[in-house]
Amino acid sequence: MQKLLIISTALAALSLPTLTLANDCGQWQSKLKSTQRKLNNGGNQSQIRQWAKERDYYAETLDRCNKKAGTHRWIETANNPSTSRHTPTRGKREKPRALNTENPQLQQIIATCNYWIDQYNTNASDTNYTYQTTACRHADQMMAEADSPPTKHNTFAPTRSLKECVKPDNRIDEDVKRCMQGQMEPQWRVNR
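Residues numbered from 1 in each chain as written. Predicted model: local features only at pLDDT ≥ 70, side-chain atom pairs only at ≥ 80, totals over all residues. Heavy atoms only, no water.

A. Fine view of the overall build of the chain. Along the backbone of the chain there are seven helices and zero strands. Secondary structure elements of the chain occur, N-terminal to C-terminal, as α-α-α-α-α-α-α. Burial analysis of the chain (192 residues in total) assigns 28% to the buried set. A separation threshold of at least 6 residues defines the contact pool for the chain, and within that pool the share at least 24 residues apart is 52%. As displayed, the chain offers around 13,900 Å² of accessible surface, 53% of which is attributable to carbon and sulfur atoms. (Helix = DSSP H or I, 4+ residues; strand = E, 2+ residues; numbered from the N terminus. Buried < 20%, exposed > 50% of the residue type's maximum accessible area, 1.4 Å probe, protein only. Contact = heavy atoms within 4.5 Å. Areas by Shrake-Rupley, 256 points an atom, 1.4 Å probe, with all protein chains shown as cover.)

Quick look at the structure:
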């Protein structure tokens, strides 16, 4: 019985570093999940590139940590399909956007979107999906802005001077504005 107690104490002491290392690996796991969330939410091209590098670094560090701790089979990683919000499927192909615009800036943005659609259709990775989503979102926004009618600006085009239309005591109001545009006669000046 005493030998059994000594063996169980020794085993408990040996398992202690593994638990400590597993807890240390948790920090890498949380950093990996945080970076993956940023990638899923999207950003500009340089942010996406930086986050992808961070994600790869955290995934590699987490894997090494888990192997060192002997816990690599029990801690989930970012490549686990159940943890990611969107898992791209190779069978889902998106059609490229049409380049039917005269605006060179919009043409370039659509070309970028089409490039990432092609990249994603060829290799359905999370990174290509993120690039495609971001580029095409910008293209769609710019196409919507181009299709919307331009806002009308009320331009003020005076035909008379302010001196001719100003009211007594130098008051300026909508009547004075209409007078300056030639839409109204300055009746208040006649009485003077």
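B. Region of the structure containing the state of the cysteines. Evaluated as defined, the whole model comprises two disulfides. Residue C113 pairs covalently with C136 via a disulfide, S to S 2.0 Å. In this structure the cystine formed by C113 and C136 twists about its S-S bond by roughly 90 degrees; its chirality is therefore right-handed. In this pair, C113 is assigned in helix 3 (residues 104-122) and C136 in helix 4 (residues 126-147), connecting sequence segments 23 residues apart. Classification of C113 as buried rests on a relative accessible area of 0%. (Disulfide = S-S within 2.5 Å.)

C. Representation of the environment of S30 in the model. Note on placement: S30 falls in helix 1 (residues 2-41). Classification of S30 as partly exposed rests on a relative accessible area of 42%. Put simply, S30 and Y58 are 28 residues apart on the chain and 9.2 Å apart in space, counted from C-alpha to C-alpha. From its side chain, S30 meets the backbone oxygen of Q27 in a polar contact 2.9 Å long. (Polar contact = N/O pair within 3.5 Å; in protein donor to acceptor, adjacent residues only side chain to side chain.)

D. Representation of unusual backbone geometry in the model. In this structure, D169 takes a positive phi of about 65 degrees despite not being glycine. Here D169 is to be found in the loop between helix 5 (162-165) and helix 6 (174-180). Classification of D169 by relative accessible area gives exposed; the value is 74%. Positive phi outside glycine occurs at N170, with the angle close to 55 degrees. As for its placement among the helices and strands, N170 is situated in the loop between helix 5 and helix 6. With relative accessibility at 64%, the residue N170 sits in the exposed group.

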